[in-house]
Amino acid sequence: SGQMLNVAKLSWRSRPLLWLSFVCLDAPVVALVWQRLFARAFHQSLTLWECAALFLTAWGIYLVDRLADSFTANETAPIPARIAFCRDHKLSLIAIVVLVGFAGTFVAMQIPRWLLVPGATLGVVAAIYLLINQQMDKVWRLLPVKEIVVGVLFACGTTLFLCNDASSTTLIMISVFAALCSLNTLSIASWERGIDLAQGKHSFATEWPRAGKIVRLLCLSLALV
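Conventions we followed
- Here the residue index of a chain counts from 1 through its sequence in written order.
- Owing to the predicted nature of the model, reporting of local features is limited to residues with pLDDT of at least 70; listing and counting of side-chain atom pairs is limited to 80 or more, with chain, interface and lining totals taken over all residues.
- Values shown for side chains rest on all heavy atoms present in the structure; no hydrogens or waters enter the calculation.
- Think of it this way: any DSSP run of H or I at least four residues long counts as a helix, any run of E at least two long counts as a strand, and we number them from the N terminus.
- The cut-offs for exposure are 20% and 50% of the maximum accessible area for each residue type, with area from a 1.4 Å probe on protein chains only; residues under the lower value are buried, those over the upper are exposed, and the others partly exposed.
- Here a polar contact means two N or O atoms within 3.5 Å. Within protein one must be a hydrogen donor candidate and the other an acceptor candidate, and residues neighboring in sequence count only if both atoms are side-chain atoms.
- Each residue after the first adds 1.5 Å to the expected span of a helix.
- The arc in question is the one spanned by the directions pointing from the helix axis to the C-beta atoms.
- When checking whether two residues touch, look at their non-hydrogen atoms; a contact exists if any pair is within 4.5 Å.
- Think of a nonpolar core as a cluster: buried Ala, Val, Leu, Ile, Met, Phe, Trp, Tyr and Cys residues, connected wherever their side-chain atoms sit within 4.5 Å.

As a further point, take the side chain of Thr206. Position of Thr206 relative to the elements: it lies in helix α11 (residues 204–207). Of the residues examined, Thr206 reaches a relative accessible area of 12% and is grouped as buried. A polar side-chain atom of Thr206 sits 2.8 Å from the main-chain amide nitrogen of Ser203. Of the polar contacts made by the side chain of Thr206, one reaches the side chain of Glu207; its length is 3.2 Å.

Glancing now at helix α5 (residues 90–108). The α-helix winds at 3.6 residues per turn, so residues separated by three or four positions along the chain end up facing the same way. With 19 residues, α5 should cover 27 Å at 1.5 Å per step; its first-to-last C-alpha distance of 26 Å lies within 8% of that length. Within the sequence span of α5, burial applies to Leu93, Val97, Val100 and Val107. Taken around the axis of α5, the buried residues stretch over an arc of 100°, which confines them to a single face. More than 90 degrees from the buried face of α5, the exposed residues found are Leu91, Leu99 and Phe102. On the buried face of α5, the contacting elements are α3 (48–72) and α4 (81–88).

Quick look at the nonpolar core now. Within the largest apolar cluster, 19 residues are counted, with the highest numbers of intra-cluster contacts made by Val23, Leu56, Trp59, Leu63, Leu67, Leu93 and Val100. Among the elements of the structure, α3, α4 and α5 are those that each provide at least two residues to this core. Considering each element in turn, this core owes the most residues, five residues, to α3. Among all residues touching Leu67, those that are not within four sequence positions of it are Cys86, Lys90, Leu93, Ile94 and Val97. Among the nonpolar cores identified, the runner-up in size contains 14 residues, and Phe38, Leu54, Phe154 and Ala155 belong to it.

Shown next, in the form of structure tokens:
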């Protein structure tokens, strides 16, 4: 515990660029960039509504998950700075969630009809994940795949507009992208292993003491592939 840094004491004002992460805007921005990249690679056209739907959905999911984490965080143990920020600005973030929800509902009615069913299905899966993550966290102790689930959901949401293309090339590219997203979340879990242990949270890193080395090997393998 002596080696842990109580990052909750860090002031977000002293590092203004962190606000992008603190209000959960980093994930939707990254999703939009990758969506655009896949659209160009597969010569697909995207409407403004499809981009907005991805942005608002990703933002809403991350905001809800972050808010839930701030409500259940152990105040006597170290917590990440992003959770501390959320805890200190709950009302503002709750208001943003409500606005994002209304805006997302309106935008969803504007996207192509053929995207509604796969989009709704993915939304239900994401809701189930949020429920398990917040109410049944011990599931990740038995099945330490939380980070992989997040990575796959992120990849599927970003490439949802390709769901009508079942070619081997598309499936391979989406699978590699899902692996990259999963390695990102696995890396974060490895960096925050000490905090998760202090908070009583379960992750791949808390269940596998050698997680850091495993993730580094996986990253190298994916880069070679």
